[in-house]
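Each chain, written out:
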Amino acid sequence: MYGLKSDVALDLPSKYYSLEGYEKGVARWCPGCGDHAVLTNMQKLLREKQLDPAKTVFVSGIGCSSRFPHYMNTYGFHGLHGRAFPVAEGVKFRRPDLDVFVVTGDGDCCSIGAGAWIHAIRYNMNMTVLLLNNEIYGLTKKQASPTSRIGTVSNTTPDGSILPPLSPVQTTLGVANASFVAQTADWNPAHMYETIKAAYEHKGFSFVHIIQRCPIFQGALVDEQVSNKDAMVYLENENGITVSEEIAKTFKNKFNHNPSDLSEARNLAMDTEKVHMGLFYQDKNAPCYDDYGASNLGYTVEQKEEALNKELDKYAI
Ligand code: SF4
């Protein structure tokens with residue numbers, strides 16, 4: 001016997017999750033695809049926050065970016081087209097102890113999933129949402145999406161798309177109970193990292209619009225976006241998203257925007273000449289639907305049965 005005394009407390013080191021601990025498989029996105037940068041930043045965020053992979057869930061719909069859960073060594077649900085939000089809401093409602101992330105694309109979220117998206121904003125459940133917008137359907141090989149610009153030549157719009165594009169930021173800001181709306185771009189990883197970190201730290205439906213490169217089907221658009229420094233505007237404010245001085249210096253244009261000013265946020269989102277990077281809007285006090293669903297968590301099977309019978313008795317004649 002080694003005679004360990006019962007009053008000796010062993011000071012064991014807590015478990016540390018390394019970056020590799022969050023990685024899974026080889027991402028099957030094209031070389032140069034913006035999705036790679038988002039994935040790397042997300043894995044870095046999980047490491048910084050030391051999120052337990054067993055208590056972290058990534059939910060997606062269908063599309064290139066929706067392959068995201070396959071590459072995270074966490075729980076994941078690669079769902080139906082446009083239906084990431086209802087799945088994520090169900091997970092969060094019954095398991096509020098889990099960290100829930102949604103990764104969706106412009107086709108998935110803004111077209112077939114638009115109804116679910118609008119109501120998810122209003123429900124304001126505590127989850128981090130990344131909309132990766134490449135303005136095209138990539139997985140199904142180049143069809144115009146709701147966010148494609150006028151003139152986009154695709155397999156469904158051979159003469160160029162004719163309708164004005166839907167703005168995901170503008171739309172989100174227009175829905176009642178929006179609580180966190182930000183924008184970043186995949187070619188500025190430092191800004192993107194701070195943005196998704198702020199989104200994670202916000203309690204509520206944190207919506208991050210990521211302008212995402214698709215060099216295969218939107219090559220020219222990418223070149224224009226990355227090289228046109230005049231078009232990018234850094235939203236700076238002590239209550240906004242702050243990047244290091246070195247990164248801030250890379251922006252030619254800056255604008256001081258208070259993220260509690262919804263009216264100004266909407267005006268900025270309507271600007272089609274400039275791309276504003278940072279936090280458009282935040283309301284830390286917006287009601288979260290998941291706060292009202294925790295009342296019967298932990299019920300035993302008998303208690304659930306009793307509650308169900310009580311409910312059904314209301315309809316007895
Ligand atoms: Fe990325 Fe475009 Fe390739 Fe899809 S088609 S993986 S969006 S580069």
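Preceding this section is the structure that the text describes.
Okay, so let's go over this structure. Quick caveat: nothing in here was measured; it's all calculated off a predicted structure.

A look at the overall build of the chain
Okay, so step 1: Each helix and strand counted, the chain has 10 helices and 9 strands in total.
Okay, so step 2: For 317 residues, the compact-globule estimate of 2.2 N^0.38 gives 20 Å, and the C-alpha radius of gyration of the chain, at 22 Å, lies within 12% of that figure.
Okay, so step 3: The principal-axis extent of the C-alpha atoms belonging to the chain is close to 75 × 70 × 40 Å.
Okay, so step 4: Taking all 317 residues of the chain together, 45% fall into the buried category.
Okay, so step 5: Taking all contacts inside the chain whose residues are at least 6 apart in sequence as the whole, residues at least 24 apart take part in 67%.
Okay, so step 6: Total accessible area on the chain is roughly 16,600 Å²; 54% of this is exposed by carbon and sulfur atoms.

Here's the deal with the pattern of salt bridges
Okay, so step 1: According to the stated counting rule, one finds 9 salt bridges in the structure shown.
Okay, so step 2: For the salt bridge of Lys 55 with Asp 97, the shortest nitrogen-to-oxygen distance reads 3.3 Å. With a gap of 42 residues between them, Lys 55 in the loop between helix H1 (35-49) and strand E1 (56-60) and Asp 97 in the loop between helix H2 (84-94) and strand E3 (99-105) connect regions that are remote in the sequence.
Okay, so step 3: Here Lys 55 falls in the partly exposed class, since its relative accessible area comes to 37%.
Okay, so step 4: Between Glu 135 and Arg 149 there is a salt bridge, and its shortest N-O distance comes to 2.9 Å. Of this pair, Glu 135 sits in the loop between strand E4 (127-133) and helix H5 (168-173) while Arg 149 is found in the loop between E4 and H5, placing the two residues 14 residues apart along the sequence.
Okay, so step 5: Overall, the relative accessible area of 8% leaves Glu 135 in the buried class.
Okay, so step 6: When its relative accessible area of 30% is taken as the criterion, Arg 149 is described as partly exposed.
Okay, so step 7: Within the structure, one salt-bridge network assembled from shared partners comprises Lys 55, Arg 95 and Asp 97.

Re the site of the ligand
Okay, so step 1: Taken together, Trp 29, Cys 30, Cys 33, Cys 64, Asn 134, Gln 212, Cys 214, Pro 215, Ile 216 and Phe 217 make up the full set of residues adjacent to the ligand.
Okay, so step 2: Across the shell around the ligand, the residue classes break down as 8 nonpolar, 2 polar and no charged.

Considering the nonpolar core
Okay, so step 1: Counting 31 residues, the largest nonpolar core has Phe 85, Met 127, Leu 173, Phe 205 and Phe 280 as its most contacted members.
Okay, so step 2: The leading source of residues in this core is helix H4 (residues 114-123), at 4 residues.
Okay, so step 3: Not counting residues up to four positions away in its chain, the partners in contact with Met 127 are Ala 88, Glu 89, Lys 92, Val 100, Val 102, Gly 204, Phe 205 and Ser 206.

Observations regarding the packing of aromatic side chains
Okay, so step 1: Applying the stated criterion across every chain, the model contains 11 aromatic pairs.
Okay, so step 2: Note on Tyr 17 and Tyr 22: the rings are 6.1 Å apart at their centroids and 50 degrees apart in plane angle, and the pair reads as tilted. Per residue, the accessibility class of Tyr 17 equals that of Tyr 22, and both read buried.
Okay, so step 3: Pairwise contacts between aromatic rings join Trp 29, Phe 58, Phe 68, Tyr 71, Phe 101 and Tyr 200 into one cluster.
Okay, so step 4: Positioned above the aromatic ring of Tyr 193 is the side chain of Lys 44, whose terminal nitrogen or guanidinium carbon lies 5.1 Å from the ring centre.

Some remarks on the pairing of strand E9 (residues 275-282)
Working note: regular strand, side chains alternate between the two faces of the sheet.
Okay, so step 1: Of all 8 residues that make up E9, 7 are buried, and the element is covered over most of its length.
Okay, so step 2: Bridge count between strand E5 (residues 180-185) and E9: 4 bridges; the pairing is antiparallel. Across the sheet, Phe 180 pairs through a bridge with Gln 282, a residue of E9.
Okay, so step 3: Here strand E7 (residues 232-236) pairs with E9 via 3 bridges, running parallel. Within E9, the position partnered with Tyr 234 by the bridge is Met 277.

Description of H4
Okay, so step 1: Of the residues making up H4, those classed as buried are Ala 116, Trp 117, Ala 120 and Ile 121. On an axial view of H4, the arc spanned by its buried residues comes to 135 degrees, and they lie on one face.
Okay, so step 2: Turning to H4, the residues buried within the fold contact H2, helix H3 (106-112), H5 and strand E6 (205-211).
Okay, so step 3: Positive backbone phi, approximately 50 degrees, marks Asn 124, located one or two places after H4.

Observations regarding a nonpolar patch on the surface
Okay, so step 1: A contiguous nonpolar patch, built from Tyr 123, Tyr 289 and Tyr 292 and spanning about 340 Å² of accessible area, is present on the exposed surface.
Okay, so step 2: Relative to the helices and strands, Tyr 123 resides in helix H4.

Notes on the side chain of Ser 154
Okay, so step 1: Assignment of secondary structure puts Ser 154 in the loop between E4 and H5.
Okay, so step 2: A polar atom in the side chain of Ser 154 sits 3.2 Å from the side chain of Thr 156.
Okay, so step 3: Among the polar contacts made by the side chain of Ser 154, one reaches the side chain of Thr 157 at a distance of 2.6 Å.
Okay, so step 4: The residues touching Ser 154, leaving out its near neighbours within four places in the chain, are Ile 136, Lys 142, Gln 143 and Ala 144.

Looking at the environment of Ile 150
Okay, so step 1: If you trace the backbone, Ile 150 turns up in the loop between E4 and H5.
Okay, so step 2: Judged by its relative accessible area of 56%, Ile 150 falls in the exposed class.
Okay, so step 3: Separated by 104 residues in sequence, Ile 150 and Leu 46 have C-alpha atoms that sit 38 Å apart.

Notes on the environment of Trp 187
Okay, so step 1: By the secondary structure assignment, Trp 187 is in the loop between E5 and helix H6 (189-201).
Okay, so step 2: Between the alpha carbons of Trp 187 and Val 222 there is a distance of 9.8 Å; along the sequence they are 35 residues apart.
Okay, so step 3: Contacts of Trp 187, omitting those with residues within four sequence positions, involve Ile 211, Arg 213, Gln 225, Val 226 and Met 232.

Calculation criteria
Residues numbered from 1 in each chain as written. Predicted model: local features only at pLDDT ≥ 70, side-chain atom pairs only at ≥ 80, totals over all residues. Heavy atoms only, no water. Helix = DSSP H or I, 4+ residues; strand = E, 2+ residues; numbered from the N terminus. Rg over C-alpha atoms; globule rule 2.2 N^0.38 Å. Buried < 20%, exposed > 50% of the residue type's maximum accessible area, 1.4 Å probe, protein only. Contact = heavy atoms within 4.5 Å. Areas by Shrake-Rupley, 256 points an atom, 1.4 Å probe, with all protein chains shown as cover. Salt bridge = Lys/Arg side-chain N within 4 Å of Asp/Glu carboxyl O. Near = heavy atom within 4 Å. Nonpolar A, V, L, I, M, F, W, Y, C, P; charged D, E, K, R; others polar. Core = buried A, V, L, I, M, F, W, Y, C linked by side-chain atoms within 4.5 Å. Phe/Tyr/Trp six-rings, centres within 6.5 Å; stacked < 30°, edge-to-face > 60°. Lys NZ or Arg CZ within 6 Å of the ring centre and 35° of its normal. Pairing = 2+ DSSP bridges. Arc of directions from axis to C-beta. Patch = residues over 30% accessible without salt bridge, like charges linked within 9 Å, V, L, I, M, F, W, Y side chains within 5 Å. Polar contact = N/O pair within 3.5 Å; in protein donor to acceptor, adjacent residues only side chain to side chain.

Purely spatial values, then, with no claim about function.
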